[in-house]
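Residues per chain are reported as follows:
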Amino acid sequence: MSSRKRVLVVGGTGYLGQHLLQGFSEIQGTPFEYDLAFTYHSNLPQPLLDALPHLLPFYVDLKTGQGFDVISHSFGQPDVVVNCAALSVPRVCEMDPNAALSVNVPSSLVDWLSNFKEGSTLLIHLSTDQVYEGVKSFYKEEDETVPVNVYGKSKVAAEQFVSEKCLNFAILRSSIIFGPQTISPVPKSLPIQWIDGGLSKGEKMDFFHDEYRCPVYVKDVVAIILALTSRWISEGKQMQLLLNVGGPDRVSRVQMAEAVADFRGYNTSLIKPVSASSMESN
């Protein structure tokens, strides 16, 4: 019997998904070797497959569950599933709350996993710090969830669904994830790259001075997921975890922009502090 473990990354073509597949690939040859598969929905990025040819891609529609049966036949039951897929742009979620719920609550994924032997797969589910109201600093996992937008509400619903339906899970409430571009560049704007791109052109840019986050480096998030995977496979004990995943610093958007400007030598007078509430009222 093969000692290789199966890992499926749902949403493997997104920003975190690609970095995660790269992270798993780099630890091949260690005591735990992994067969790696990922799902995609729109486009299959060829540069990712060229760089990591051992990956198995599967088309999946999370709204309907179409494609999961193919994974069952071609890949089998995964030991670990990491769900990175989400409709994560808040304004898009506000425009279509039903779509946000249908993608962000992983009902088709969890229903598919229920077909396998109970308790033998760990689901690592990515959530967000936007489940909190945001009226204080450094929230703890036991603090009440009071989401203030549709995206946050859909992620709270997802957390409740996963914790009720899954025997083994780890829910990671991540703050803004930053870091280098992916192997196959993602279309969404990345926070540091977007700031750098605007300031490098000498453009004046608005940044919130009263919205604070704890940005976390993408490879730190990957390291957490790799550690949880290793722990699950080596110990095999029931796992039901809820973790806040953020960086050590609480910073505003203005402070993030100032850090980029200082590092790159840009004129900080290009950074215009504005209130988040004033922008929302426009």
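Before reading further, recall that the structure is shown in the block above.
This is a predicted model, so every value here is computed, not measured.

Caption draft 1: Up close: empty space enclosed by the protein. One pass over the structure, following the stated rule, counts one cavity of 30 Å³ or more. Roughly 40 Å³ of internal volume is contained in the largest cavity. Residue composition of the lining of the largest cavity, by class: two nonpolar, two polar and three charged.

Caption draft 2: Inspection of helix 9 (residues 218–235) at higher detail. With 18 residues, helix 9 ought to run about 26 Å at 1.5 Å a step, and its terminal C-alpha atoms sit 26 Å apart, in line with that. For helix 9, the set of buried residues is V218, V221, V222, I225, L226, L228, T229, W232 and I233. Down the axis, helix 9 shows its buried residues gathered within 160 degrees of arc, on one side only. In the segment just after helix 9, G236 is the residue with positive phi, at about 65 degrees.

Caption draft 3: The state of the cysteines, seen in detail. The final tally for this structure, using the stated rule, is zero disulfides. C93 forms no disulfide, and the closest cysteine sulfur to it belongs to C84, at a distance of 16 Å. Assessed through its relative accessible area of 0%, C93 is described here as buried.

Caption draft 4: Geometry of the pattern of salt bridges. Tallied over the full model, the rule gives six salt bridges. Of the charged contacts in the structure, one is a salt bridge between R231 and E235, with a shortest N-O distance of 3.9 Å. Residue R231 and its partner E235 are located together in helix 9, separated by four residues, close to a single helical turn.

Caption draft 5: Summary view of the sheet that holds strand 3 (residues 56–59). With parallel pairing, the seven strands of this open sheet are ordered in space as 3-2-1-4-5-6-11. Strands at the two margins of the open sheet, each flanked by one partner only, are strand 3 and strand 11 (240–245). Geometrically, the sheet is characterised by an average inter-axis angle of 20 degrees between neighbouring strands, direction not taken into account. Both strand 4 (residues 80–83) and strand 5 (residues 122–128) contribute to a ladder of four bridges, which runs parallel. Looking across to strand 5, one finds that V81 is bridged to L123.

Caption draft 6: Highlighting the pairing of strand 1 (residues 5–10). Sheet topology note: the strand 1/strand 2 (residues 34–40) ladder contains five bridges and is parallel. What sits directly across from L8, in strand 2, is A37. Both strand 1 and strand 4 contribute to a ladder of four bridges, which runs parallel. Paired with V7 across the two strands is V80, which belongs to strand 4.

Caption draft 7: Region of the structure containing the packing of aromatic side chains. The full count for this structure, using the stated rule, is eight aromatic pairs. Seen in terms of ring centroids, F24 and Y34 are 5.2 Å apart; in terms of plane orientation they differ by 80 degrees. Their pairing is edge-to-face. Of this pair, F24 sits in helix 1 (residues 15–26) while Y34 sits in strand 2, placing them 10 residues apart in sequence. Judged by relative accessible area, which is 0%, F24 ranks as buried. Consider the rings of Y40 and Y59, whose centres lie 6.0 Å apart with planes at 70 degrees: the pair is edge-to-face. One end of the pair, Y40, is in strand 2; the other, Y59, is in strand 3, and 19 residues separate them in sequence.

Caption draft 8: Molecular detail of the layout of surface pockets. The computed volume of the second largest pocket comes to approximately 340 Å³. What lines the second largest pocket is a set of 13 residues, and nearest its centre among them are F178, I192, M256, A259 and V260. Only helix 8 (191–200) and helix 10 (253–264) provide two or more residues apiece to the lining of the second largest pocket. Split by residue class, the lining of the second largest pocket holds nine nonpolar, one polar and three charged.

Caption draft 9: The arrangement of the side chain of T121 in detail. Within the fold, T121 resides in the loop between helix 6 (107–113) and strand 5. Residue classification places T121 among the buried positions, given a relative accessible area of 13%. Among the polar contacts made by the side chain of T121, one reaches the side chain of Q77 at a distance of 2.9 Å. Of the polar contacts made by the side chain of T121, one reaches the backbone oxygen of P78; its length is 2.6 Å. Ignoring any residue separated from it by four or fewer positions in sequence, one finds T121 in contact with Q77, P78, D79, V80, V81, L113, N168 and W232.

Caption draft 10: How the structure looks around the side chain of T39. Turning to its location among the elements, T39 is positioned in strand 2. Of the polar contacts made by the side chain of T39, one reaches the backbone nitrogen of G11; its length is 3.0 Å. What T39 contacts, discounting residues up to four positions off in sequence, is L8, V9, V10, G11, G12, T13, F58, V60 and I71.

How each quantity is defined
Residues numbered from 1 in each chain as written. Predicted model: local features only at pLDDT ≥ 70, side-chain atom pairs only at ≥ 80, totals over all residues. Heavy atoms only, no water. 1 Å grid on protein atoms, 1.4 Å probe; cavity = no way out; pocket = protein on both sides within 12 Å on 5 of 7 lines; lining within 4 Å. Points joined across faces, edges and corners; volume = space filled by probe spheres on them. Nonpolar A, V, L, I, M, F, W, Y, C, P; charged D, E, K, R; others polar. Helix = DSSP H or I, 4+ residues; strand = E, 2+ residues; numbered from the N terminus. Expected span 1.5 Å × (residues − 1). Buried < 20%, exposed > 50% of the residue type's maximum accessible area, 1.4 Å probe, protein only. Arc of directions from axis to C-beta. Disulfide = S-S within 2.5 Å. Salt bridge = Lys/Arg side-chain N within 4 Å of Asp/Glu carboxyl O. Pairing = 2+ DSSP bridges. Axes fitted to C-alpha atoms, helices over the stretch in contact; angles between N-to-C directions. Phe/Tyr/Trp six-rings, centres within 6.5 Å; stacked < 30°, edge-to-face > 60°. Polar contact = N/O pair within 3.5 Å; in protein donor to acceptor, adjacent residues only side chain to side chain. Contact = heavy atoms within 4.5 Å.

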